[in-house]
Amino acid sequence: MALAAVDKREPRGAGSEPVVVEAAAVVRQLRDPAPPPGEPEDEAPLYAARRKIYPQAVHGTFRRIKWAVLVVTLGIYYLLPFVRWDRGPNAPSQAVLIDFPNHRFYFFFIEIWPQEVYYLTGLLIIAAMALFLMNAVAGRVWCGYLCPQTVWTDLFCAIERWVEGDRREHMLRERGPWTANRLARAGIKHFLWLMVAWWTGGAWVLYFADAPTLVKDLATLEAPFVAYAWIGILTFTTYALAGHMREQVCTYMCPWPRIQAALTDEHALNVTYRYDRGEPRGSVKKNAALLERGFPAGDCIDCLQCVYVCPTGVDIRDGANLGCIQCGLCIDACDAVMAKIDRPPRLIAYDTDLNIKRRQEGKPPQQRIVRARTLLYTAVIAIVGVVMLYALATRTTESISVIHDRNPAFVRLADGSLRNGYTMRIVNKQLMVREFALDIRGLANVSHEFIGVPGSTDGRRIVEVGPDQTREVRVLVTGRQATMPPSTPIVFEITDIATGLQAQTSDYFRAP
Ligand code: SF4
Ligand code: SF4
């Protein structure tokens, strides 16, 4: 499973003999041992059994960043449905609401209608480009810090450590017999996991209805069945993915590591073991003895602390690895070890293999954050962002759409004239009743009839559209000439009686 990228590495120190480091091969052999004697190699199992991972607690800069991200992201997710936003008497007061029954998406001051789904497309493009940009600058920083799977797994691991103890204590207990203490701890852990999973599912459904009302309905068993069903589904998936499957999701299920590997380049910063400084590795004593005898010795004391804290069980010293989510916890663990043995920090760091090679060649390291791909991603984000802002700023509060009758496209009347039928939809995005005057332009010698719309005193046809609503009007347009061109443009127009604001759309008058 592990993709060891570097097997032969140069030692630290100028003029020393190259030392072949075979640690990666040894680790691979330990993880995937050869078949027992007598068993042919091709009969060995195709799939490795899962190695249970007990991530050890760690302290340091990256752990603190991860805690901060966890608190902020989960805080937003769990509490956002309860944030209120006053939109007036006829609109929901929830700041973020996906209102399926009324076909609306509310996000603070923005209200998106179904016909404005292009905003969602813009947001998806920006999200994808932001992901690519993060990847180009600092590898899988999304995976390590922001991905929901990582965030919830982190929370579940923290609960596990709190209840079961840290790595060593937990492993020892799991190797022992089932005692009352072990049973109680396991019970408490699974109960807390289920509570978090349940609240995760509960928070999700609150985005689809007024949160305080739905909480009350859920508690009194008066909520719709679909709400309970979704809570059940999300409770199960959160409990299974974050509590049990954990790193398996990142390693086997998620497509992003594969896509990310194709999108990265040699300048992207990645959590990197600086083997130029760390090798040859060995215990403190062994390395001291080597140095005394004039042999090179690296800073890595082979304590495995970087592996013990890794949530995916990766040994970063094996090189680039599909299982590494770039969380930086091994940096914290190794920095603590370096501090204890009085060596400089960042034996593991956000770095590139290119820089390691440059340092080995005596050149200064390089950090090229501004490059063609980062500029391209930034430009796309900026362009789409500006277009979306412009569209939002110039967004109208009224619109019109028209559908031409399809079958038949036209009808010849008894007097020889031609008639086309249309369905107009008038949209009022304001939170008050509005009156619109209807008009049709662009075609001479035609009469039009707005079905069910009486004429006003000044002869105009006026319809009333309720607040934040749409209204359909059926229109018949009759051309008085016996012969007309097969397709003539025709303009439908609405004018707000109070403000004079107008909206138009066009279609065609069809003839044989
Ligand atoms: S924590 Fe640092 S010193 Fe210890 S094994 Fe990992 S890289 Fe080597
Ligand atoms: S190897 Fe280091 S950066 Fe990668 S997942 Fe493990 S702890 Fe995180």
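Since the structure is predicted, the reported quantities are computational estimates derived from the model, not experimental observations. (Residues numbered from 1 in each chain as written. Chains lettered and ligands numbered in written order. Predicted model: local features only at pLDDT ≥ 70, side-chain atom pairs only at ≥ 80, totals over all residues. Heavy atoms only, no water.)

1. Thoughts on the overall build of the protein chain
Selection criterion: Numbering of helices and strands runs from the N terminus; a helix is a DSSP stretch of H or I covering at least four residues, while a strand is a stretch of E covering at least two. Partly exposed residues are those whose accessible area sits between 20% and 50% of the maximum for their type, while under 20% is buried and over 50% is exposed, using a 1.4 Å probe and protein chains only. Residue contacts follow a heavy-atom distance rule, with two residues in contact if any of their heavy atoms lie within 4.5 Å. Here, Shrake-Rupley sampling with a 1.4 Å probe gives the accessible areas, and only protein chains in the shown set may cover a residue.
Within the protein chain, the secondary structure is distributed over 17 helices and 16 strands. Across its three principal axes, the protein chain shows a C-alpha extent of roughly 110 × 60 × 50 Å. By residue count, 42% of the 512 residues in the protein chain fall in the buried class. Partitioning the contacts of the protein chain with sequence separation of at least 6, the portion at a separation of at least 24 is 70%. Accessible surface for the protein chain amounts to roughly 27900 Å². Of this, 64% is attributable to carbon and sulfur atoms.

2. Some thoughts on the site of ligand 1
Condition: Only heavy atoms are used to decide nearness, and a residue is near a molecule or strand if one of them lies within 4 Å of it. Each residue is assigned to one class: nonpolar for Ala, Val, Leu, Ile, Met, Phe, Trp, Tyr, Cys and Pro, charged for Asp, Glu, Lys and Arg, and polar for all the others, Gly among them.
With respect to spatial proximity, the complete set of residues near ligand 1 consists of Tyr273, Cys300, Ile301, Asp302, Cys303, Leu304, Gln305, Cys306, Arg317, Cys334, Met338 and Ile348. Among the elements of the structure, helix H14 (305-308) and helix H15 (329-340) are those that each provide at least two residues to the shell around ligand 1. Across the shell around ligand 1, the residue classes tally to nine nonpolar, one polar and two charged.

3. Structural notes on helix H11 (residues 256-263)
To keep things clear, this is the line we draw: It is the directions from the helix axis to the C-beta atoms that the arc portrays.
Listing the buried residues of H11 in full gives Trp256, Pro257 and Gln260. Seen end-on, H11 carries its buried residues on one side only, within an arc spanning 95°.

4. A word on the side chain of Arg173
One can find Arg173 in helix H6 (residues 167-175). For Arg173, a relative accessible area of 16% corresponds to the buried category. Among all residues touching Arg173, those that are not within four sequence positions of it are Glu164, Asn181, Arg182 and Arg185.

5. Points about the layout of surface pockets
One water molecule sets the probe size; rolling that probe over the atoms shows where empty space is left. Let me state the cut-off plainly: Site definitions follow a grid-based scheme: protein atoms alone, a 1 Å grid, a 1.4 Å probe that fits but cannot get out for cavities, and for pockets an open set with protein on both sides within 12 Å along at least five of seven lines, plus lining residues having an atom within 4 Å of a point. Grid points are joined across faces, edges and corners, and a volume is the space filled by probe spheres set on the points.
Taken as a whole, the largest pocket holds about 1400 Å³ of empty space. In terms of lining residues, the largest pocket is bounded by 34 residues, among which Ile98, Phe105, Phe107, Leu120 and Leu123 are the most central. Listed by contribution, the elements that provide at least two residues to the lining of the largest pocket are helix H2 (61-79), strand E3 (96-99), strand E4 (104-107), strand E5 (110-112), helix H3 (118-138), helix H4 (141-146), helix H5 (148-164) and helix H17 (372-393). When grouped by side-chain class, the residues that make up the lining of the largest pocket number 30 nonpolar, two polar and two charged.

6. Regarding the packing of H6 against helix H7 (residues 180-205)
We count it as follows: A fitted line through C-alpha atoms serves as each axis, taken over the contacting stretch for helices, and the angle formed by two N-to-C directions is quoted from 0 to 180°. If an angle is under 35 degrees, it is roughly parallel; if it is over 145, roughly antiparallel; if it lies from 65 to 115, roughly perpendicular; otherwise it is oblique. Crossing handedness is defined as follows: a turn of the near helix away from the far one that is anticlockwise and smaller than a right angle gives a left-handed crossing, while the clockwise case is right-handed.
For the pair H6 and H7, interaxial distance at closest approach is 10 Å and the crossing angle is 120°. As judged from the angle between their axes, H6 and H7 are oblique. In this structure, the crossing between H6 and H7 has a hand that is left-handed. For the pair H6 and H7, the contacting residues are Glu169, His170, Arg173 and Glu174 in the first and Asn181, Arg182, Arg185 and Lys189 in the second. Here the residues of the contact of H6 with H7 sort into no nonpolar, two polar and six charged.

7. A few points about the domain arrangement of the protein chain
Inclusion rule: For the purposes of this description, domain bounds are those given by an automatic or database domain assignment. Put simply, buried area is how much 1.4 Å-probe accessible surface two parts lose in total, over both of them, once they are put together. A pair is scored as a salt bridge if a Lys or Arg side-chain nitrogen falls within 4 Å of a carboxyl oxygen belonging to Asp or Glu. Contacts described as polar in this section are N or O atom pairs within 3.5 Å, which, within protein, must combine one atom able to donate a hydrogen with one able to accept it, while residues neighboring in sequence count only if both atoms come from side chains.
According to the domain assignment, the protein chain contains domain 1 (1-49), domain 2 (51-395) and domain 3 (398-510). Placing the centre of domain 2 and that of domain 3 at their C-alpha centroids yields a distance of 54 Å. At the interface, ten residues of domain 2 touch eight residues of domain 3. With both sides pooled, the region where domain 2 packs onto domain 3 buries about 680 Å², and carbon together with sulfur makes up 52% of that total. Per-residue buried area on domain 2 facing domain 3 is highest for Asn90, Trp113 and Gln115; these three make up 57% of the total on that side. At the junction of domain 2 and domain 3, the tally comes to two salt bridges. A salt bridge links Arg104 to Asp468; its shortest N-O distance comes to 3.6 Å. In this structure, the connection of domain 2 to domain 3 is made through three residue pairs in polar contact (both at pLDDT 80 or more).

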